[in-house]
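Observations on chain architecture
Residues per chain, in single letters:
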Amino acid sequence: MQAFVEAAASRVRCREHGIVVSAVPWARHGAGHTRAFDDTVAWLATATSRSTVQQLMRIAWPTVGAIITRVRADIDARVDRLAGLRRIGIDEISYKKNHRYLTVVVDHDTGRLVWAAPGNDKPTLAAFFELLGPDRCAQITHVSADAAAWIARTVAQYCPDATRCADPFHVVKWATDALDQVRRQAWNTARRQPGGSNKDRRGRRASAGAAQTMKRARWALWKNPENLNDHQRHKLAWIAKTDPRLYRAYLLKEGLRHVFAIGGEAGKEALQRWLSWAARCRIPEFTKLARTIRSELAAIHATLDHGLSNALIESTNTKIRLLTRLAFGFKHPDALISLALLALGGYRPELPDRTHT
């Protein structure tokens, strides 16, 4: 049911803000809806689809963005999202085409999203630490992140005593990318051999024979051994017989993954053996990777010691991507950030006049 409230709101003269309309108990400042209406819309925005909110509440979608921004600001005025931070994770996520990014920060201890802002550079992240303040920055003990230089430099500047942990997923991804470069080299070599390519029905050059098998072996090389099906196991066995160099690159990738699987001191010892192996493997891509890992050795050792990764923040990013699809149509990223903080920040809005027992 639609309901309209009419009231005579007096105007007052404030020494700080000048002449303003006096506050009313049933609406937020600058709002055209009651407080209960705003809370209901904010709850629906975090729990239902975009079309449901529009049809049920009879409002335009940009109005929803303004409402959730107000509700988020009201919550931020009552609670301190940055209180008690000790172990945090930092990452970036694309929210719009043309390289539009958000920098997000999560709390490893509570699993909550605590801060987000548009941008993915040092000034953006520095704004978070400035908001945190020197005293609370000194309380940060661990920071998990990928190997982005702008994150490492900002953390070193504001939290010099914090332990930076490299994300295992990104380190293993380096090895996977190096493996794929070796695979493409093997494929190009195979298709230049006699019978390695022919023309298809459209007259285009296509791989044939061993080159075709090599081209279709990507997933067999990428997947973890325990997840391979019988067909992919046969492909790996075929690669081991026909291309020892590519199979050696595959074993190097799996060896690095094993380092993080065992962790601790055993993982450190395995990593040292892996670095020695990669240095003399005669595969330039993995020799270069070994140099990169040596430059990040302190952060990787911290990961092996503390078991901290960006798995939580990657999960948060996945949920933000879902919210991004829901928030399509918002003109400014502040509305998306407000929606993400309401849904993932641990202080979800509740339906008005509801009591929980």
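Residues numbered from 1 in each chain as written. Predicted model: local features only at pLDDT ≥ 70, side-chain atom pairs only at ≥ 80, totals over all residues. Heavy atoms only, no water.

As annotated in an unreviewed UniProt entry, the protein chain carries the name Transposase and comes from Saccharomonospora amisosensis.

Some details on the sheet that holds strand β3 (residues 87–96)
Read across the sheet, 5 strands follow the order β5-β4-β3-β6-β7 without closing on themselves; strand pairing throughout is mixed. Each having just a single partner strand, β5 (113–118) and β7 (163–166) make up the two edges of the open sheet. Along the sheet, successive strands turn relative to each other by an average axial angle of 25°, direction set aside. The strands touched by helix α14 (residues 297–306) are β6 (142–145) and β7; relative to β7, the strand with the most contacts, the crossing angle is about 90°. (Pairing = 2+ DSSP bridges. Helix = DSSP H or I, 4+ residues; strand = E, 2+ residues; numbered from the N terminus. Axes fitted to C-alpha atoms, helices over the stretch in contact; angles between N-to-C directions. Contact = heavy atoms within 4.5 Å.)

Some details on helix α16 (residues 333–344)
Along an α-helix, a turn takes 3.6 residues, which lines up residues three or four apart on a common side. Here α16 spans 16 Å end to end across 12 residues, near enough to the 16 Å set by a 1.5 Å rise per residue. Of all 12 residues in α16, 11 are buried, a share of seventy percent or more. For α16, the complete set of buried residues consists of Pro333, Ala335, Leu336, Ile337, Ser338, Leu339, Ala340, Leu341, Leu342, Ala343 and Leu344. Those residues of α16 that are buried lie in contact with α1 (35–47), α3 (61–78), β3, β4 (100–107), β5 and α15 (311–326). Gly346, located one to two residues past α16, shows a positive phi value of around 90°. (Expected span 1.5 Å × (residues − 1). Buried < 20%, exposed > 50% of the residue type's maximum accessible area, 1.4 Å probe, protein only.)

Brief notes about the packing of aromatic side chains
Tallying each qualifying case throughout the model produces 5 aromatic pairs. Seen from their ring centres, Phe128 and Phe129 are 5.1 Å apart, and the 65° between their planes marks the pair as edge-to-face. With respect to class, Phe128 is no different from Phe129; both count as buried. Ring pairing ties together the aromatic residues Trp115, Phe128, Phe129 and Tyr158, which thus form one cluster. (Phe/Tyr/Trp six-rings, centres within 6.5 Å; stacked < 30°, edge-to-face > 60°.)

As for the nonpolar core
General note: in soluble globular proteins, nonpolar side chains tend to be found buried as a group. Core analysis: the largest hydrophobic core is formed by 40 residues, its most contacted members being Leu246, Leu256, Leu271, Trp274, Phe286, Ile293 and Ile300. Counting only elements with at least two residues in this core, the list comes to α7 (168–192), α8 (210–215), α9 (218–222), α10 (230–242), α11 (244–262), α12 (264–279), α13 (284–295) and α14. For this core, the element with the highest residue contribution is α7, accounting for 9 residues. With residues near it in sequence (within four places) discarded, Trp274 still touches Leu252, Gly255, Leu256, Phe286, Leu289, Ala290 and Ile293. Within the second largest apolar cluster, 35 residues are counted, among which are Ile68, Val104, Ile320 and Leu326. (Core = buried A, V, L, I, M, F, W, Y, C linked by side-chain atoms within 4.5 Å.)

Quick notes on the UniProt feature "domain: Transposase IS204/IS1001/IS1096/IS1165 helix-turn-helix" (unreviewed entry) in the protein chain
Here, UniProt's "domain: Transposase IS204/IS1001/IS1096/IS1165 helix-turn-helix" (unreviewed entry) annotation points to residues 23–71. In this annotation, residues 23–71 is assigned 65% helix and 0% strand; the end-to-end C-alpha distance for the span is 16 Å. (UniProt positions renumbered as here; feature names shortened; annotations may be inferred.)

Looking at the state of the cysteines
Scanning the model with the defined rule gives 0 disulfides in all. We note that Cys159 lacks a disulfide partner, and the nearest cysteine sulfur, in Cys137, lies 4.4 Å from it. A relative accessible area of 3% means that Cys159 is categorised as buried. (Disulfide = S-S within 2.5 Å.)

Digging into a positive patch on the surface
Judged by side-chain charge, Arg191, Arg192, Lys215, Arg216 and Arg218 come together as a positively charged surface patch. Considering the arrangement of structural elements, one finds Arg192 in helix α7. Residue Arg192 is classed as exposed on the basis of its relative accessible area, which comes to 62%. (Patch = residues over 30% accessible without salt bridge, like charges linked within 9 Å, V, L, I, M, F, W, Y side chains within 5 Å. Areas by Shrake-Rupley, 256 points an atom, 1.4 Å probe, with all protein chains shown as cover. Salt bridge = Lys/Arg side-chain N within 4 Å of Asp/Glu carboxyl O. Lys, Arg positive; Asp, Glu negative; His and termini not counted. Charge placed at Lys NZ, Arg CZ, Asp CG, Glu CD.)

Some words on the environment of Pro349
Here Pro349 lies in the segment after α16. The exposure class of Pro349 is buried, given its relative accessible area of 9%. For the pair Pro349 and Leu44, spaced 305 residues apart in sequence, the C-alpha separation works out to 9.1 Å.

Topic: the pattern of salt bridges
In total, this model carries 20 salt bridges according to the counting rule given. Arg87 is the salt-bridge partner of Asp109, the closest N and O atoms lying 3.1 Å from each other. Linking Asp109 in the loop between β4 and β5 with Arg87 in strand β3, this pair joins segments that are 22 residues apart in sequence. According to the relative accessible area criterion, Asp109 is partly exposed, its value standing at 45%. By relative accessible area, which is 26% here, Arg87 ends up partly exposed. It is possible to trace a salt-bridge network through shared partners that takes in Arg28, Arg35, Asp38, Asp39, Arg70 and Asp74.

So, the packing of α11 against α13
Look at α11 against α13: their axes get within 10 Å of each other, and the N-to-C directions meet at 20°. Taken together, α11 and α13 sit at an angle that is classed as roughly parallel. The handedness of the crossing between α11 and α13 is left-handed. Residues Arg245, Ala249, Leu252, Lys253 and Leu256 of α11 touch α13, and the partners they reach there are Pro284, Glu285, Phe286 and Ile293. Here the residues of the contact of α11 with α13 sort into 6 nonpolar, no polar and 3 charged. (Parallel < 35°, antiparallel > 145°, perpendicular 65-115°, else oblique. Left-handed = near helix turned anticlockwise from the far one by under 90°. Nonpolar A, V, L, I, M, F, W, Y, C, P; charged D, E, K, R; others polar.)

Structural notes on α1
Between its first and last C-alpha atoms α1 spans 18 Å; for 13 residues at 1.5 Å apiece the expected length is 18 Å, and the two agree. Regarding α1, the residues found buried are Asp38, Asp39, Thr40, Val41, Ala42, Leu44, Ala45 and Thr46. For α1, the elements touching its buried residues are α2 (50–57), α3, α15 and α16.

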